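Okay, here's what each chain looks like letter by letter:
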Amino acid sequence: MSALAGVRVLDLTRFLAGPFCTAILADLGAEVIKVEAPRGGDEGRYGYPTADGVAIAFLALNRNKKGITLDLRHAEGRTLLRRFLPHVDVLAENFAGGTLARWGLAPEDLVREHPRLIVASMSGFGQTGPWAARGSYDIVSQAAGGLMSITGFPDTPPTRGGGSLGDYLQGLFGAIGVLAALNARNRTGRGQAVDVSSQDAVFSILDNWPAIHAATGKLPARVGNRHLATAPYDCFQARDGWVVIAVASNRIFRRLAEAIGRPELGDDPRFRGAGGRNERSAEINEMVGAWVAGRTVGDVTEALGPAGANVPCSPVHTVADLLHHPQLLARDMIVRLPHAKLGELAVPGVAVKLSDTPGGVWRLGPELGEHNAEVYQGLLGLGAEELARLRAAEVI
C-alpha cells in the first residue's frame, strides 16, 4: 500500500505548477481526480511540443490521475463542486489569488463548512497582500522572487533559470503544504487552508542572500556557473563535451591538484581555504580548464571519479543521455507506459523512495472527461439521464 492510499484529491489545477503538486500526491498513492473545463480542458493539452498530435508533457505531468469535466464558470458547475467536497480530503487549485472567493468558494469558507477539508491554493502571489490578484507565469515568478537577479553571467542580462523552475518550486511547496496539513489533521481532526505563492517559493531559495544582505549590505553578483564562495566550481569544456568540477574543501583541492599534475598547488598558501581560492578563481579555472580541454569527458570523470581522485564532478548530460543513464535506470526513474497511438511514453519515476510504502507511476494522464461516468455516478450517485442533461447543458 502506498503512503497516501485512501487520500482523495479534487484537482482544479491546470497547466504546470498545480498539476506538478498533484502529480507528486498521485505518485505517492493519493486518488487524484483532475477537473477540466468541458470545452478544451487544461491549457497543457495544447502545449509544445507534441508527437503526432499527442501532448506529451500533459500526459506525463498528469500521470496517475483520473479525469472529469466540470465548468466552474457555470452556477450549476459550482453547485456540483460543492457536492464533491464531503467526499474528498483535499481541494487543490491554482487560479489567480481571490478567484475562488469571487465564485463564492473562498477557501476559508469551504474549510469552515467542511471541517476536515484541506484547500490548497497555489498562485503567483498568494491569497493576501497588495499583489495577490496579479497573474503570473514562471518568468514572472523568477523575476519577482529575485532568482533572475542572481542568475546569469556578469555581462548578460538577468537570466531565467532553465526550465520552468519557479512553477515546479511552487508545486513542490504546494505538495509539502498538503502533506503537512494532512499530518496536522491526523492530530487535530481539522483541515485548513494552504496558501502557496510562487514569489514566496522562489524567494525562499535565494541561497540565504536576503539574510546576508540584511546583515552586511552585500549583494550577490551574477557569476555564471561559478560559486561566490569557493573555486574551482564551474563548467569546463572537454574535447567532446562539457563537465562540471566542484571543490569546496582544502582536502578535495589537494586531490584535484594531484590529478591535474600540479601537486604543488595543494600546498600553495595562496590557494589555501575557500576564500583564497575564490579570490584567484580565474587563475585556478584557467589551469583546470587547460587540463580538461586536452581530454575527453570520459577521461576527466574517470580521473576525478571515485576510483581516481574522488573529486565531485559530472558530465553535463543531455536529456537524451539521461533516458539511458544507468543510475536513473537503477533507481526506477525512467518509467515506460503504453500509449495507444505512440506505442509507449517514457515519464519520470517517483523521486521519493519509501522503503515500506513506495509510490509508483501506473498510467498516463487521462483523456478529457475519461472518468466522468465512474466519478459522477460512483461519488455523487448521478444517473445516466442526469449525466446526459449536464453534458447537453455543457456543465460537464
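Definitions and limits used
- Residues numbered from 1 in each chain as written.
- Predicted model: local features only at pLDDT ≥ 70, side-chain atom pairs only at ≥ 80, totals over all residues.
- Heavy atoms only, no water.
- Buried < 20%, exposed > 50% of the residue type's maximum accessible area, 1.4 Å probe, protein only.
- Helix = DSSP H or I, 4+ residues; strand = E, 2+ residues; numbered from the N terminus.
- Pairing = 2+ DSSP bridges.
- Axes fitted to C-alpha atoms, helices over the stretch in contact; angles between N-to-C directions.
- Parallel < 35°, antiparallel > 145°, perpendicular 65-115°, else oblique.
- Left-handed = near helix turned anticlockwise from the far one by under 90°.
- Contact = heavy atoms within 4.5 Å.
- Nonpolar A, V, L, I, M, F, W, Y, C, P; charged D, E, K, R; others polar.
- Salt bridge = Lys/Arg side-chain N within 4 Å of Asp/Glu carboxyl O.
- 1 Å grid on protein atoms, 1.4 Å probe; cavity = no way out; pocket = protein on both sides within 12 Å on 5 of 7 lines; lining within 4 Å.
- Points joined across faces, edges and corners; volume = space filled by probe spheres on them.
- Phe/Tyr/Trp six-rings, centres within 6.5 Å; stacked < 30°, edge-to-face > 60°.
- Polar contact = N/O pair within 3.5 Å; in protein donor to acceptor, adjacent residues only side chain to side chain.

**Observations regarding the pairing of strand β10 (residues 241-246)**
Side-chain alternation along β10 places Gly241, Val243 and Ile245 on a buried face and Trp242, Val244 and Ala246 on a face that remains uncovered. Bridge count between strand β9 (residues 233-238) and β10: six bridges; the pairing is antiparallel. Across the sheet, the residue bridging to glutamine 237 is tryptophan 242, located in β10. Pairing analysis gives three bridges linking β10 to strand β11 (residues 313-315), with the strands arranged antiparallel. Residue pairing for β11: valine 244 is matched across the bridge by serine 314.

**Side note on the packing of helix α1 (residues 17-27) against helix α7 (residues 165-188)**
Two numbers describe how α1 lies on α7: the axes approach to 7 Å, and their chain directions differ by 45°. Our classification of the angle between α1 and α7 gives oblique. Considering only the axes of α1 and α7, their crossing is right-handed. Contacts between α1 and α7 involve Ala17, Phe20, Cys21, Ile24 and Leu25 from the former and Asp167, Tyr168, Gln170, Gly171, Leu172, Gly174, Ala175, Val178 and Leu179 from the latter. Of the residues in the contact of α1 with α7, the class split is 10 nonpolar, three polar and one charged.

**Thoughts on the pattern of salt bridges**
Inspection of the entire model under this criterion finds 21 salt bridges. Put simply, arginine 14 and glutamate 43 hold a salt bridge, and the shortest N to O gap is 4.0 Å. Of the two residues, arginine 14 is situated in the loop between β1 (8-11) and α1 and glutamate 43 in the loop between β2 (31-36) and β3 (50-51); the sequence distance between them amounts to 29 residues. Here aspartate 71 and arginine 73 are joined by a salt bridge, their closest N and O atoms 3.3 Å apart. Relative accessible area serves as the criterion here: at 12%, aspartate 71 is assigned to the buried category. Through salt bridges that share partners, Arg8, Glu31, Lys66 and Glu374 make up one connected network.

**A word on the layout of surface pockets**
Here the largest pocket is characterised by a volume of approximately 560 Å³. Lining the largest pocket we find 20 residues, and of these Leu16, Ala57, Ala60, Leu61 and Tyr168 sit closest to its centre. Within the residue set of the lining of the largest pocket, elements represented by two or more residues are α2 (56-61) and β13 (343-348). Among the residues forming the lining of the largest pocket, the class breakdown is 13 nonpolar, five polar and two charged.

**With respect to the sheet that holds strand β6 (residues 90-93)**
Pairing is parallel in the open sheet, where six strands are placed in the order β5-β2-β1-β6-β7-β8. Each edge of the open sheet is held by one strand with a lone partner, namely β5 (65-69) and β8 (193-197). Adjacent strand axes in the sheet meet at a mean angle of 20°, parallel and antiparallel pairs treated alike. Of the pairings in the sheet, the one linking β2 to β5 comprises five bridges and is parallel in character. Residue valine 32 lies in a different strand from β5, and its bridge partner there is lysine 65.

**A look at the sheet that holds β11**
In spatial order, the strands read β9-β10-β11; together these three strands make up an open sheet with antiparallel pairing. In this open sheet, the two edge strands, each paired with only one partner strand, are β9 and β11. Adjacent strand axes in the sheet meet at a mean angle of 20° when their direction is disregarded. Those strands touched by helix α12 (residues 281-293) are β9 and β10, and its axis lies near 30° from that of β9. Across the sheet, helix α13 (residues 297-304) is in contact with β9, β10 and β11; its angle to β10 comes to roughly 20°.

**Describing the packing of helix α3 (residues 75-84) against helix α16 (residues 372-380)**
Viewed as axis vectors pointing N to C, α3 and α16 meet at an angle of 60°, and their least axial separation amounts to 10 Å. As summarised for this structure, α3 and α16 are arranged oblique, according to the angle between their axes. The element α3 and its partner α16 pack so that their crossing is left-handed. Contact residues: Leu80, Arg83 and Phe84 in α3; Val375, Tyr376, Leu379 and Leu380 in α16.

**What about the packing of aromatic side chains?**
The way to describe two aromatic rings as a pair is by their centre distance and the angle between their planes. For the structure shown, the criterion picks out five aromatic pairs. Between phenylalanine 95 and tryptophan 103, the aromatic rings sit 5.1 Å apart at their centres with planes inclined by 75°, giving edge-to-face as the arrangement. Given a relative accessible area of 24%, tryptophan 103 falls into the partly exposed group. Ring geometry for phenylalanine 253 against phenylalanine 271: centres 6.2 Å apart, planes inclined by 55°, an arrangement best described as tilted.

**Details of the side chain of aspartate 27**
Structurally, the position occupied by aspartate 27 is in helix α1. The class of aspartate 27 is buried, set by a relative accessible area of 4%. Within the structure, aspartate 27 has its side chain in polar contact with the side chain of arginine 63 (distance 2.9 Å).

**Details of unusual backbone geometry**
Residue proline 232 is reached from alanine 231 by a cis peptide bond, and omega for that bond is -5°. Among the structural elements, proline 232 can be located in the loop between α9 (209-216) and β9. Of note, asparagine 64 is a non-glycine position whose phi angle comes to about 70°, a positive value. As for its position among the elements, asparagine 64 is in the loop between α2 and β5. Within the chain, asparagine 208 stands out as a residue other than glycine whose phi angle is a positive 70°. Relative to the helices and strands, asparagine 208 resides in the loop between α8 (198-203) and α9. Given a relative accessible area of 59%, asparagine 208 falls into the exposed group.

Structural measurements only, silent on function.
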